[in-house]
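So you can see what is in the structure, the chains are spelled out below.
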Amino acid sequence: MIKVQEQGFDIGAELAAMTEGNHSVGGQGCFVGLVRDMANEEQISAMTLEHYPGMTEKQLAAIEEEARNRWPLQDVLIIHRYGRLEPGDRIVLVATTSTHREAALESCHFLIDWLKTKAPFWKLEASETGESWVAARDTDDDAAERWAAPSENELEKT
Amino acid sequence: MIKVQEQGFDIGAELAAMTEGNHSVGGQGCFVGLVRDMANEEQISAMTLEHYPGMTEKQLAAIEEEARNRWPLQDVLIIHRYGRLEPGDRIVLVATTSTHREAALESCHFLIDWLKTKAPFWKLEASETGESWVAARDTDDDAAERWAAPSENELEKT
Amino acid sequence: MQLLYFGWIRTRIGTGRETLEPPADITNVKTLVEWLKNRGEGYQEALEDLSVIRVAVNQEMVDLDAAISPGDEVALFPPMTGG
Amino acid sequence: MQLLYFGWIRTRIGTGRETLEPPADITNVKTLVEWLKNRGEGYQEALEDLSVIRVAVNQEMVDLDAAISPGDEVALFPPMTGG
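Note that the structure is predicted; figures quoted are calculated from it, not measured.

### Focus on the packing of aromatic side chains
This model, assessed by the stated rule, comprises 20 aromatic pairs over all chains. Centroid distance Phe6(D) to Phe77(D): 6.2 Å. Interplanar angle 65°. Geometry classified as edge-to-face. Remark: Phe77(D) occurs in strand E5 (residues 73-77) and Phe6(D) occurs in the loop between strand E1 (2-5) and helix H1 (7-13); sequence separation between them is 71 residues. An aromatic cluster is built from Tyr52(A), Trp122(A), Phe6(C) and Phe77(C), whose rings are joined through pairwise contacts. Stacked on the ring of Trp114(A), the Lys or Arg Lys118(A) has its end atom at 4.5 Å from the ring centre.

Okay, structure coming up:
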């Protein structure tokens, strides 16, 4: 399930909804991304997330689909916020459920790595010295690349 | 922080407490283990977790310590229940916070892998055909071994 | 043609969305970008380094040599920073 | 000496805890286990396969050749299944 929203989310309620009534879930993995108060040694007062309505939902759905193709998952949840956030606020929640823990944990790692470079969000940080756009990081590209192998290569071969 | 308890836990409250007031957290990883309703093709009606009071807390604290030595973590939480549980009940919660997502996710994976083989718990499953103890799995040993490298080898050398 | 701009491409150009009708010889993303750069200093500044520009046509990621048609929604933006 | 049993070792022996005073020549875990096996059928059944017995002395994991002393807390249990 994909949710792109301005408002916050209730982690406990979201995680509970994924397992409620489904007693074949053995493991649930989750990752929460939060706004940090420091960036490049500057104090951050706010972060504004811009996104591409319409495409965002499509991209997140494609990333969810990819995760489901790679691991035997029972459920996938991606909640990504946009708009103005402050340090300590939660930006994103990814969570997966599976019969076994390996699939749940690995797929969460995959989801957040791909979100970093494939979800159409841009971050504007505000500090005392003004506003600046967060630059994409090579390390995020590398992390996403790490998962590139199986199905993308399959696609290239065909 | 280590909690060994019979009662359930509130994931939302536990995760929130780890990040509250700390705005340098960039990522929070978490894993929840639940009682499944099937084991070895048998319907499970209950699982009773026995543990070794005293040693359990020590072992969990040692595992937490090991995670903190390996990754730059801001906080670590392990909650492990004992007693009688039913399918769908949560058994264990591990969660970590860090400046960056990689450390948070990897350390959660490490924590749950080590808990499987190094935390003194034993599981008794009840089904229609009676009660039986859950056997340790080779795959869990392998998963724990995967993390054996750095500090254990260091210990062996000294 | 619907043009959408995001991130610092949007702030440099000064708008997030505009409807333009490029000449008939603008048939792929690369020639569109070159044409846009002539529309003013903001465009020039926003689009000068092709290596940091990402493109979506009708909300699908494409390369710079992808074809475009008059009715398309074309979005230009910096590398994404989700998560 | 405090003896503690867990999991199927506990259910086969029939108790989870007992205080015993092994003879003076019982100085390591292995000889203790052999001595325990003579205490009855339940012990025999519980402790027959050393490869699936784990041992903690004073709540620290040890090998079968670890030394033991009269005041120790010695726990015998199957491989752990936490998480």
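### Examining the relation of the copies chain A and chain B
Under the fitted operation, chain A is carried onto chain B by 0.0 Å of movement along the axis and a turn of 180°, and the coordinates agree to an RMSD of 0.0 Å. The symmetry that links the two subunits is that of a two-fold axis. Closest to the rotation axis within chain A is the C-alpha of Gly12(A), separated from it by 1.9 Å.

### Concerning the sheet that holds strand E2 (residues 17-19) of chain D
All names here are of chain D. Read from one edge to the other, the open sheet built from five strands follows the order E2-E1-E5-E3-E4, with strand pairing classed as mixed. On the outer flanks of this sheet lie E2 and strand E4 (60-62), each paired with one strand and no other. This sheet shows a mean twist of 25° between the axes of neighbouring strands, independent of strand direction. Note: E1 against E5, four bridges, orientation parallel. Residue pairing for E5: glutamine 2 is matched across the bridge by glutamate 73.

### Thoughts on helix H4 (residues 138-145) of chain B
Taken as a whole, H4(B) has its buried residues at Asp140(B), Ala143(B) and Ala144(B). Summarising the axial view, the buried residues of H4(B) lie within an arc of 95°, below the 170-degree limit, and thus occupy one face. With respect to the buried face of H4(B), the exposed residues turned more than 90 degrees away are Asp138(B), Asp142(B) and Glu145(B). Residues of H4(B) that are buried in the fold lie against helix H3 (101-118) of chain A together with helix H3 (101-118) of chain B.

Definitions and cut-offs
- Residues numbered from 1 in each chain as written.
- Chains lettered and ligands numbered in written order.
- Predicted model: local features only at pLDDT ≥ 70, side-chain atom pairs only at ≥ 80, totals over all residues.
- Heavy atoms only, no water.
- Phe/Tyr/Trp six-rings, centres within 6.5 Å; stacked < 30°, edge-to-face > 60°.
- Helix = DSSP H or I, 4+ residues; strand = E, 2+ residues; numbered from the N terminus.
- Lys NZ or Arg CZ within 6 Å of the ring centre and 35° of its normal.
- Least-squares fit on C-alpha atoms with pLDDT ≥ 70 in both.
- Pairing = 2+ DSSP bridges.
- Axes fitted to C-alpha atoms, helices over the stretch in contact; angles between N-to-C directions.
- Buried < 20%, exposed > 50% of the residue type's maximum accessible area, 1.4 Å probe, protein only.
- Arc of directions from axis to C-beta.
- Contact = heavy atoms within 4.5 Å.

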